Amino acid sequence: MSTEHDTVVVVVAAGASTRFGSDKLAETIGGATVLEHAVAALRRALPLAPLALVVAPDRVGDAAAEWEPRGVTVVAGGRRRQDSVRNGFDALRPADDAVVVIHDGARPAVPPGDVAAVAESARDHGAALLVAPISDTVKRLDGGGRVTETVPRDGLARALTPQAFRAAVLRRAWEAAGDDVWTDEASLVEAAGASVHAVEGDPRNVKVTVRRDLEGLTGDRVVPVRVGHGVDVHAFGPGRRLVLCGVELPSPVGLVGHSDADVALHAVTDAVLGACGGGDIGVHFPPTDERWRDAASGRFLAHAVALAAERGWRPAQCDLTLLAEQPRIGPHRERMIASLAGLLGLPEADVGLKATTCEGMGFVGRKEGMMALAVVTLARV
Ligand code: MG
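Residues numbered from 1 in each chain as written. Predicted model: local features only at pLDDT ≥ 70, side-chain atom pairs only at ≥ 80, totals over all residues. Heavy atoms only, no water.

Right, let's get into the sheet that holds strand β11 (residues 197–200). Strand order in the open sheet made by the 7 strands is β5-β4-β1-β6-β10-β7-β11, with mixed pairing throughout. If you trace the sheet from one side to the other, it starts and ends with β5 (73–76) and β11, each paired once. For this sheet, the mean inter-axis angle between neighbouring strands, taken without regard to orientation, is 30°. Both strand β1 (residues 7–13) and strand β6 (residues 99–104) contribute to a ladder of 6 bridges, which runs parallel. Each bridged residue has a counterpart across the sheet, and for V10 the counterpart in β6 is I102. In this fold helix α2 (residues 60–67) packs onto β4 (51–55) and β5, with an angle of close to 170° to the strand it touches most, β5. (Pairing = 2+ DSSP bridges. Helix = DSSP H or I, 4+ residues; strand = E, 2+ residues; numbered from the N terminus. Axes fitted to C-alpha atoms, helices over the stretch in contact; angles between N-to-C directions. Contact = heavy atoms within 4.5 Å.)

See the structure below:
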């Protein structure tokens, strides 16, 4: 098992995106940028490793404001990719036996397991890179687009990142290399005569170069699901209706609130908002706003579901628990599930509704009010 405290990470994000036409690292996939996904994958694999993000010199100020609060060291890039890597390395000053993991900021879909595997291999062998096998037949072309040769693909592989090295191996290679140009650090280390160990990685770990590269990444490759949690409480009071999951229940007492006080839908709405990073129900529907007086809370949930959809997410499942001494939920359960399923756009089988008393304890036990707890899973649209 490796230890992480002697591992550092350099993410290179200083390129000009010339083939993409705009800043490809700022393109979003499911609400996060390409670069955020890349950094997150490294962090999931190596949560304790110091991380340097190398950006174009004119972006250092903006990038520092964005990333330094997240514990990332922002470093100005150099003229060539290899200079940028060197700047990131120098900023982290790794000890000679530390492992340095170098990753392209334009590769958002690297699985954390691949990151851990290549770091471990570098720890064992001194130098390692991720590769993907080549399944297509490979042709060499002349400048006019004519095939001049079919290249035997035996033993060929595509070089991916991360690549990882003991710091001493990189230092020696830089000394030996002089000012030659390298497209990746594995080439540099090979040229210096050291052996580089290949670790087979996920072939879908693509480098975003042209716009269509993003298309394959909008599915489940990045983050397949999100989970949100919501809690709400309302007091019982006279002269009020009791509305739960959008269904009015016969009851001598109702719930007090600015809207219809549907405690169940409020908890579910907060769970949806929480899962999609959308704030909370009070931000969207402040109780000081007259528009929401006695409003049907289904509107709030519909708004949250629409916001989630804008951000690339749809409800996949909901589980709701009500805490109350009264009334009995059983007789109304099916109607409540049907209503909630309808609001979430889910089959009823994907909506759970449970109720429990508090055995006479606390505010619920004293029949002063009720509480709702909801968990909602969102999946990619
Ligand atoms: Mg509420």
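This brings us to the coordination of the magnesium ion. Taken together, D232 (OD), H234 (NE2) and H266 (ND1) make up the full set of protein donors to the magnesium ion, lying 2.1 to 2.3 Å away. Counting residues between consecutive donors of the magnesium ion along the chain gives the motif D-x1-H-x31-H. Residue D232 is found in strand β12 (residues 225–237), and its partner H266 is found in helix α8 (residues 263–275); the two are separated by 34 residues along the sequence. Pair check on accessibility: D232 and H266 agree, each one buried. (Donors = N, O, S within 2.8 Å, 3.2 Å for Na, K, Ca; no water. Buried < 20%, exposed > 50% of the residue type's maximum accessible area, 1.4 Å probe, protein only.)

In this section: unusual backbone geometry. With omega at 10°, the peptide bond leading from T161 into P162 counts as cis. On the secondary structure map, P162 appears in strand β10 (residues 157–166). Note the cis peptide between Q326 and P327, where omega equals -10°. With a phi close to 45°, R93 is a non-glycine residue in the positive phi region. Mapped onto the elements, R93 comes out in the loop between α3 (81–92) and β6.

What follows deals with the sheet that holds strand β18 (residues 369–380). Judged by pairing direction, the sheet is mixed, and its 5 strands sit side by side in the order β15-β12-β18-β16-β17 without closing on themselves. In this open sheet, the two edge strands, each paired with only one partner strand, are β15 (254–255) and β17 (351–356). Bridge count for β12 against β15 is 2 bridges, and the pairing is antiparallel. The partner of F236 across the bridge, within β15, is L255. Helix-sheet contacts for α8 involve β12, β15, β16 (313–323) and β18, and the interaxial angle to β12 is about 155°. Docked against the sheet, helix α11 (residues 333–344) engages β16 and β17, running at close to 140° with respect to β17.

Moving on, we get to the packing of aromatic side chains. Following the criterion strictly, the structure yields 4 aromatic pairs and no others. On the basis of an interplanar angle of 80° and a centroid distance of 4.9 Å, the ring pair of F89 and W174 is categorised as edge-to-face. Pair noted here: F89 is in helix α3 and W174 is in helix α5 (residues 167–177), with a separation of 85 residues, a long-range link. Taking 6.0 Å as the distance between ring centres and 90° as the angle between the ring planes, the aromatic pair formed by W292 and F300 counts as edge-to-face. (Phe/Tyr/Trp six-rings, centres within 6.5 Å; stacked < 30°, edge-to-face > 60°.)

Turning next to the nonpolar core. Counting 42 residues, the largest nonpolar core has L244, L320, L322 and L340 as its most contacted members. Of all the secondary-structure elements, those providing two or more residues to this core are β13 (242–244), β14 (247–249), α8, α10 (298–310), β16, α11, β17 and β18. For this core, the leading source of residues is α8, giving 9 residues. If near-sequence neighbours (up to four positions away) are discounted, L340 is found in contact with C245, L265, V268, L301, C318, L320 and V351. I29, L51, A63 and A106 belong to the second-largest nonpolar core, a separate cluster that totals 39 residues. (Core = buried A, V, L, I, M, F, W, Y, C linked by side-chain atoms within 4.5 Å.)

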